[in-house]
Amino acid sequence: MAVNFVDRVVLHLSAGAGGHGVASVHREKFKPLGGPDGGNGGHGGSVILRVDPQSTTLLDYHRHPHRKAENGKPGAGDERNGADGADLVLPVPEGTVVKDADGSIVVDLVGMGTEHVIARGGRGGLGNKALASARRKAPGFALLGEPGEDLDVVLELKTLADVALIGFPSAGKSSLVSVLSAARPKIADYPFTTLVPNLGVVTAGSSRFTVADVPGLIPGAHEGKGLGLEFLRHVERCSVLVHVIDCATLEPGRDPLTDLDVIERELSLYVPDADLGGRPLSERTRLVVLNKADVPEARELAELVKPDLEARGHEVFIVSAVAHLGLKELTYAMARHVEAARAEVAAVVPKRVVLRPRSVDDRGFAVTREHGSDGDFFRVTGERPIRWVRQTDFSNDEAVGYLADRLARLGVEEELFKVGAVAGDTVVIGSTDDAVVFDWEPTLQSGAELLGSRGTDLRLDESSRPTRDQKREAMRDRYAARAATQEELDAERRAGLWHLPEDDA
């Protein structure tokens with residue numbers, strides 16, 4: 001039976017969409033048109049990742065990778081707002097690293113209760129009650145709710161432990177954890193018994209540290225052979241690596257020195273995540289454990305190769321998990337190296353919160369001229385223009401006019417003029433995926449802009465008022481133009497180009 005290791009999963013997440021606002025008119029007896037009373041739509045639920053002490057595996061997400069938060073409810077008449085959608089909280093084990101589709105680290109979830117909003121829900125649309133103003137007393141439209149964020153993320157579980165037990169399958173790592181701590185891993189006499197890392201807490205004098213039983217490695221693990229890449233991830237955070245070597249193996253071509261060289265090569269070729277501050281595995285402290293010394297032949301082999309291993313600079317221990325041989329010395333040695341590694345770690349500096357207020361000249365959008373297959377066009381990008389487009393019901397002319405007013409007040413039309421856009425040019429708002437394309441028609445001035453600067457009115461300017469003689473001259477010009485036009489029509493009538501009905505009588 002094939003078993004999938006589940007320390008790495010791809011999640012397809014969808015935040016909830018915001019509910020639509022509603023356009024409604026208040027009606028009651030003797031008040032058939034009592035004004036707008038449409039409520040707002042509720043906000044969509046967000047997707048939140050939270051470190052949970054009860055969560056130890058990503059197995060559930062491997063089986064059900066598609067997760068969606070609740071949508072916001074639409075508004076209703078009588079000023080009733082829609083309910084917000086419930087957030088979707090996904091519990092993850094401590095040490096889970098979240099990456100985006102490009103492989104960049106989004107967040108490292110360390111610390112119980114730590115949470116991160118990975119996908120934000122959409123905003124609810126405003127109803128016509130909230131859109132009413134002194135200029136627009138009874139809006140006949142409402143705003144649509146925004147869609148929630150859709151994205152794919154990769155969850156990688158990287159065990160948080162001080163010591164990692166590494167080695168070939170069935171080397172006795174799980175047995176060693178079971179006797180060093182209160183952990184009770186499943187143990188069997190066939191390879192790859194351990195399918196998930198087992199964590200145990202070990203006490204040595206005044207020191208307490210955690211030991212991880214990393215599942216077995218084989219040659220080529222750094223290239224993904226066997227389950228190598230999945231298992232090697234779990235040693236990235238460990239400061240001390242303990243080689244557990246099986247001295248009682250009967251497999252051909254296997255001996256303690258060869259096993260150590262093979263595992264060392266796999267460790268040297270594996271590249272840990274630099275973004276997590278992980279040092280190369282070749283720089284970690286090493287201990288060598290020659291296991292299964294309760295077997296006489298294994299004991300003889302361990303005593304034979306111990307001087308050779310010590311000559312390489314390794315600290316070597318001959319132990320037996322079954323007979324509880326040499327465990328005390330090994331435990332105190334691990335505690336000594338863990339304390340030394342902890343002392344080398346600099347004090348954690350709290351992350352400084354940097355406030356970056358928007359600059360005075362930042363208008364929140366940008367207009368660029370681009371070239372496409374059908375010619376040049378102008379693209380408008382920015383958070384607010386894109387959000388306003390998503391909230392607009394383009395089947396409602398009044399809603400489209402409201403969008404045009406908002407864009408004009410933001411300065412989009414002014415910027416389009418600056419980059420050379422003219423009436424009829426193609427304008428695209430948004431990215432290439434969900435862009436809205438239309439032919440641009442500049443907004444006409446309403447007339448108030450022509451009255452001059454604040455505090456002045458050109459209609460009251462005496463220098464611009466015509467005199468009586470100028471009025472008479474303009475009237476005589478109009479009479480002369482009318483007479484000339486009548487004379488031209490009479491000439492065409494006499495020439496037979498057209499005739500009146502009474503001419504036929």
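The structure presented is a predicted model; accordingly, all values stated were derived computationally and were not measured. (Residues numbered from 1 in each chain as written. Predicted model: local features only at pLDDT ≥ 70, side-chain atom pairs only at ≥ 80, totals over all residues. Heavy atoms only, no water.)

### Side note on the overall build of the chain
Along its length, the chain carries eleven helices and 18 strands. When each of the 505 residues of the chain is scored for burial, the buried share is 39%. If you take every contact in the chain between residues at least 6 apart in sequence, the share linking residues at least 24 apart comes to 69%. (Helix = DSSP H or I, 4+ residues; strand = E, 2+ residues; numbered from the N terminus. Buried < 20%, exposed > 50% of the residue type's maximum accessible area, 1.4 Å probe, protein only. Contact = heavy atoms within 4.5 Å.)

### With respect to the confidence of the model for the chain
Predicted coordinates in regions of low pLDDT should not be interpreted in detail. Predicted confidence across the chain gives a mean pLDDT of 80, with 80% of residues reaching 70 or more. In the model of the chain, helix H4 (residues 228-232) stands out as the element of lowest mean pLDDT, 53, in contrast to strand S3 (residues 66-68), which has the highest, 95. Contacts of residues 1-5 to residues separated by more than four positions or lying in other chains number nine contacts, the stretch itself having pLDDT below 50. Ignoring residues within four places in sequence, the model shows residues 446-451, a span with pLDDT below 50, making six contacts including any to other chains. (pLDDT = per-residue confidence, 0-100.)

### Looking at the pairing of strand S2 (residues 47-51)
By the criterion of burial, S2 is predominantly enclosed, with four of the five residues buried. Pairing of S2 with strand S4 (residues 88-92), which is carried by five bridges, proceeds in the parallel orientation. The residue bridging Arg-50 from the neighbouring strand is Pro-91, located in S4. Inspection of the sheet shows S2 paired to strand S7 (residues 115-119) by four bridges, in the antiparallel sense. Within S7, the residue paired with Ile-48 across the bridge is Val-117. (Pairing = 2+ DSSP bridges.)

### Observations concerning the sheet that holds strand S5 (residues 96-99)
Read from one edge of the open sheet, five strands run S3-S1-S8-S5-S6, paired in mixed fashion. Lying at the two open borders of the sheet, with one neighbouring strand each, are S3 and strand S6 (105-109). Strand after strand, the sheet turns through a mean of 25° between neighbouring axes, direction not considered. Summarising the sheet, strand S1 (residues 8-14) and strand S8 (residues 150-157) pair through seven bridges and their orientation is antiparallel. Following the sheet pairing, Leu-13 is matched in S8 by Leu-151. (Axes fitted to C-alpha atoms, helices over the stretch in contact; angles between N-to-C directions.)

### Observations concerning the nonpolar core
Core analysis: the biggest nonpolar cluster contains 24 residues, and Val-163, Leu-165, Leu-176, Phe-209, Val-242 and Met-334 have the highest contact counts within it. Listed by contribution, the elements that provide at least two residues to this core are strand S9 (163-166), helix H3 (173-180), strand S10 (198-204), strand S11 (207-213), strand S12 (240-246), strand S13 (285-291) and helix H7 (327-344). In this view, Met-334 contacts Val-163, Leu-180, Phe-209, Val-242 and Leu-287; residues no more than four positions away in its chain are not counted. Of all hydrophobic cores here, the second largest spans 20 residues; its members include Ala-15, Ala-119, Leu-155 and Leu-157. (Core = buried A, V, L, I, M, F, W, Y, C linked by side-chain atoms within 4.5 Å.)

### Looking at empty space enclosed by the protein
For the coordinates displayed, the defined rule picks out one cavity of 30 Å³ or more. Space inside the largest cavity adds up to approximately 50 Å³. For the lining of the largest cavity, the secondary-structure elements that each account for two or more residues are S12 and helix H5 (256-269). (1 Å grid on protein atoms, 1.4 Å probe; cavity = no way out; pocket = protein on both sides within 12 Å on 5 of 7 lines; lining within 4 Å. Points joined across faces, edges and corners; volume = space filled by probe spheres on them.)

### As for the pattern of salt bridges
The full count for this structure, using the stated rule, is 19 salt bridges. Put simply, Arg-369 and Asp-376 hold a salt bridge, and the shortest N to O gap is 3.6 Å. Of the residues examined, Asp-376 reaches a relative accessible area of 42% and is grouped as partly exposed. Ionic pairing is found between Lys-418 and Glu-414, a salt bridge with its closest N-O pair at 3.7 Å. Taken as a pair, Lys-418 and Glu-414 lie in helix H10 (residues 412-418) at a separation of four residues, close to a single helical turn. You can call Lys-418 exposed: its relative accessible area is 56%. Linked through salt bridges whose partners overlap, the residues forming this network are Asp-162, Glu-339 and Arg-342. (Salt bridge = Lys/Arg side-chain N within 4 Å of Asp/Glu carboxyl O.)

### Describing the packing of aromatic side chains
Here the structure, examined in full by the defined rule, presents two aromatic pairs. Ring geometry for Phe-141 versus Tyr-402: centroids 5.2 Å apart, planes at 45°, classification tilted. Of this pair, Phe-141 sits in the loop between helix H2 (128-131) and S8 while Tyr-402 is found in helix H9 (residues 397-410), placing the two residues 261 residues apart along the sequence. Classification of Tyr-402 by relative accessible area gives buried; the value is 13%. Consider the rings of Phe-417 and Trp-440, whose centres lie 5.0 Å apart with planes at 65°: the pair is edge-to-face. Of this pair, Phe-417 sits in helix H10 while Trp-440 sits in the loop between strand S18 (436-439) and helix H11 (468-494), and the two are 23 residues apart along the sequence. (Phe/Tyr/Trp six-rings, centres within 6.5 Å; stacked < 30°, edge-to-face > 60°.)

### Regarding the sheet that holds S2
The three strands are arranged S4-S2-S7 in an open sheet whose pairing can be described as mixed. On the outer flanks of this sheet lie S4 and S7, each paired with one strand and no other. Looking at each pair of strands side by side, their axes are set apart by 30° on average, direction ignored.

### So, the pairing of strand S14 (residues 315-318)
Inspection of the sheet shows S13 paired to S14 by four bridges, in the parallel sense. Each bridged residue has a counterpart across the sheet, and for Val-289 the counterpart in S14 is Phe-317. Viewed along the sheet, the connection from S13 through helix H6 (residues 296-311) into S14 turns out right-handed. (Right-handed = clockwise from strand over helix to strand, strands pointing away.)

### Looking at the packing of H3 against H7
It is the contact of H3 with H7, at a shortest axis distance of 12 Å, that shows an interaxial angle of 85°. In terms of their interaxial angle, H3 and H7 are classed as roughly perpendicular. Residues Leu-176, Val-179 and Leu-180 of H3 lie in contact with H7, whose contacting residues are Leu-327, Leu-330, Thr-331 and Met-334. Taken together, the residues that form the contact of H3 with H7 break down as six nonpolar, one polar and no charged. (Parallel < 35°, antiparallel > 145°, perpendicular 65-115°, else oblique. Nonpolar A, V, L, I, M, F, W, Y, C, P; charged D, E, K, R; others polar.)

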